[in-house]
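Survey of secondary and tertiary structure
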Amino acid sequence: AYVLLIAYFEELKPKTDSKSGVWKLPDGDEYYQFTLQMFTTSEMSPDEIHATGLAEVERIQSEILKILKDEGYDESLPFGELLKGLSEEERFLYPETDEGREQVLEDYRAIIAEISGGLDDWFSVQPQAGVEVERIPEFKEKTSPGAYYNGPAMDGSRPGIFYANLYDLKATPKYDMRTLAYHEAIPGHHFQISLQQENKNLPSFRKDLFYSAFSEGWALYTESLGKELGLYRDPYQYFGMLSMEMHRAIRLVVDTGMHSKGWTREEAIQYSLDNEAASEESIISEIERYMATPGQALSYKIGQI
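Residues numbered from 1 in each chain as written. Predicted model: local features only at pLDDT ≥ 70, side-chain atom pairs only at ≥ 80, totals over all residues. Heavy atoms only, no water.

Points about the overall build of the chain
Rules: Secondary structure is summarised from DSSP: a helix means a run of H or I of at least four residues, a strand means a run of E of at least two, and numbering begins at the N terminus for each. We compute the radius of gyration from the C-alpha atoms alone; for a globule the expected value is 2.2 Å times N to the 0.38, where N is the number of residues. Burial classes: relative accessible area under 20% of the type maximum marks a residue as buried, over 50% as exposed, and values in between as partly exposed (1.4 Å probe, protein chains only). Between two residues, a contact is recorded if the distance between any of their heavy atoms is within 4.5 Å. We get accessible surface area from the Shrake-Rupley algorithm with a probe of 1.4 Å; when it comes to residues, only the shown protein chains can shield them. Counted charges follow a simple rule, with Lys and Arg positive, Asp and Glu negative, and His plus the chain ends left uncounted. By convention, the charge on Lys lies at NZ, on Arg at CZ, on Asp at CG and on Glu at CD.
Counting secondary structure elements, the chain contains 13 helices and 3 strands. Against the compact-globule benchmark of 19 Å for 305 residues, the chain has a radius of gyration of 20 Å, which places it among compact chains. For the chain, with 305 residues in total, the buried portion stands at 47%. By sequence separation, contacts in the chain at least 24 residues apart represent 71% of the contacts at least 6 residues apart. Per element, the accessible surface of the chain, about 16,000 Å² overall, is 53% carbon and sulfur. Counting 29 positive and 53 negative side-chain charges, the chain places the averaged centre of each group 2 Å from the other.

Side note on the environment of lysine 24
With respect to the element layout, lysine 24 can be found in the loop between α1 (2-12) and α2 (28-40). Of the residues examined, lysine 24 reaches a relative accessible area of 35% and is grouped as partly exposed. Distance from lysine 24 to glycine 262, taken between C-alpha atoms, is 8.5 Å for residues 238 residues apart in sequence.

Concerning the packing of helix α3 (residues 46-70) against helix α4 (residues 79-87)
Basically, it comes down to this: Helix axes use the C-alpha atoms of the stretch in contact, all axes being lines fitted to C-alpha atoms, and the angles between their N-to-C directions lie in the range 0 to 180 degrees. Here the angle decides the label: under 35 degrees means roughly parallel, over 145 means roughly antiparallel, 65 to 115 means roughly perpendicular, and every other value means oblique. Definitions for this section: a left-handed crossing has its near helix turned counterclockwise from the far helix by less than a right angle. A right-handed crossing has that turn clockwise. Three classes are used, and their members are as follows: Ala, Val, Leu, Ile, Met, Phe, Trp, Tyr, Cys and Pro are nonpolar, Asp, Glu, Lys and Arg are charged, and the others, Gly among them, are polar.
Contact geometry of α3 with α4 gives a least axis separation of 12 Å together with a crossing angle of 50°. In terms of their interaxial angle, α3 and α4 are classed as oblique. Here the hand of the crossing between α3 and α4 comes out left-handed. Where α3 abuts α4, its residues Gln61, Ile64, Leu65 and Leu68 lie against Phe79, Leu82, Leu83 and Leu86. Across the contact of α3 with α4, the residue classes break down as 7 nonpolar, 1 polar and no charged.

As for unusual backbone geometry
Leaving glycine out, the prevailing phi sign among residues is negative, and the prevailing peptide bond configuration is trans. The omega torsion across isoleucine 186 and proline 187 is 5°, close enough to zero to call that bond cis. Note on placement: proline 187 falls in the loop between α6 (177-184) and α7 (189-198). At aspartate 27, a residue that is not glycine, the phi angle is positive and equals roughly 60°. For aspartate 27, the location among the structural elements is in the loop between α1 and α2. Here threonine 41, not a glycine, exhibits a phi torsion of approximately 50°, which is positive. You can see threonine 41 is positioned in the loop between α2 and α3. A residue is classified by how much of its surface remains accessible, and threonine 41, at 55% relative accessible area, is exposed.

Describing α6
Most of α6 sits inside the fold, with 8 of its 8 residues counted as buried. For α6, the complete set of buried residues consists of Met177, Arg178, Thr179, Leu180, Ala181, Tyr182, His183 and Glu184.

A look at the sheet that holds strand β2 (residues 147-150)
Using the following cut-off: Note on pairing: two strands pair once DSSP finds at least 2 bridges between them.
The mixed open sheet is built from 3 strands, whose spatial order is β1-β3-β2. Taken across any chain shown, the strands that pair with only one partner, and hence form the sheet edges, are β1 (131-135) and β2. For this sheet, the mean angle separating the axes of adjacent strands, direction not counted, is 25°. Taken together, the 5 bridges between β1 and strand β3 (residues 160-164) define a ladder with parallel strand orientation. Within β3, the residue paired with valine 133 across the bridge is phenylalanine 162.

Remarks on the nonpolar core
The condition is simple: The definition of a nonpolar core used throughout is a set of buried Ala, Val, Leu, Ile, Met, Phe, Trp, Tyr and Cys residues joined through side-chain atoms within 4.5 Å.
The biggest cluster of nonpolar side chains holds 60 residues, and the ones touching the most others in it are Ile64, Leu86, Tyr108, Ile112, Phe162, Val254 and Ile287. Looking at this core, the element that brings in the most residues is helix α10 (residues 235-260), giving 12 residues. Beyond its immediate sequence surroundings of up to four residues, leucine 86 is in contact with Leu68, Tyr73, Phe92, Tyr175, Tyr236 and Phe239.

Examining α4
Note the threshold: The directions considered for the arc run from the helix axis to the C-beta atoms.
The set of residues buried in α4 consists of Phe79, Gly80, Leu82, Leu83, Leu86 and Ser87. Down the axis of α4, the buried side of the element spans an arc of 160°, and every buried residue falls inside it. Close packing links the buried residues of α4 with α3, α10 and α11 (265-275).

Some details on the packing of aromatic side chains
The test is simple: Any two rings among Phe, Tyr and Trp, with Trp reduced to its six-membered ring, count as a pair given centres within 6.5 Å; such a pair is stacked if its planes are under 30 degrees apart, edge-to-face if over 60, and tilted if neither. Only Lys NZ and Arg CZ are tested; either one counts as a charge over a ring when it is within 6 Å of the ring centre and within 35 degrees of the ring normal.
For the structure on display, the rule yields 11 aromatic pairs. Measuring from ring centre to ring centre gives 5.1 Å for tyrosine 175 and phenylalanine 239, while their planes differ by 70°; the resulting arrangement is edge-to-face. Residue tyrosine 175 is located in the loop between β3 and α6, and its partner phenylalanine 239 is located in helix α10; the two are separated by 64 residues in the primary sequence. Classification of tyrosine 175 as buried rests on a relative accessible area of 4%. Between tyrosine 182 and tyrosine 232, the aromatic rings sit 5.8 Å apart at their centres with planes inclined by 55°, giving tilted as the arrangement. Of this pair, tyrosine 182 sits in helix α6 while tyrosine 232 is found in the loop between α9 (225-228) and α10, placing the two residues 50 residues apart along the sequence. In this structure an aromatic cluster arises from ring pairing among Phe92, Tyr175, Tyr236 and Phe239. Its end group placed over the ring of tyrosine 94, lysine 174 keeps NZ or CZ at 4.9 Å from the ring centre.

None of this, on its own, says anything about what the molecule does.
Listed below in structure tokens is the structure:
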């Protein structure tokens, strides 16, 4: 089967070009507008989404620079370089050891336990299902995201699980962890998905429907609740929230840039490098994801808004 697959791709290769967006295809503009409606459930045009992204990147960057200036960093440095340097500071990193990895899991459990105990005044309806923290299985962690969530079993026999990627601990600095836990677990994906499953007023097929703009938009929105609840206890934890929001704002710019405005893959990579702290390898993987699935990456920020 793999030999046949390789042969198929070899046949396709002469037909490929270096253009990165669907604008190059027959009816490409119409197709992209369709994917925008499908993934964002809105009527926004590529130009509107692109402009929204640029404005959000500018707003978030100014907030980040204010925090870093107050903490004594040199705000005259190129923005991407400034963020990258911060993400490599030893005080924000766990040791790359078995003990370091176990500590990451314990710290995630403590973060989730803390927020779980303080939501009664904020949420009148909460899921019955619990949530646990586990390591992403080692056989697939190298190609997995930093974290993800799997919902509980429909019959209640298994809790929801927040999976943390422990392959490269430098990829998840300490100041990102609260934001990740709120997004993936409580009150993010775990609340939304579990409550959907437990809703007795829904027919079965609707208990498992997934709308990216709703699910990812909700999870991104809940990251900001950490600030409202007073759980980002130092400027760096709030910076972590802003840096993750920046990643989603960048998606609005580069996805529409490539698929509607003729940006190249390389232009999209450079824009990301200039505006966030992720490694070049990680950014390339992200940009190629957007090339392969036009519009999907827009659902997070448009959903949040």
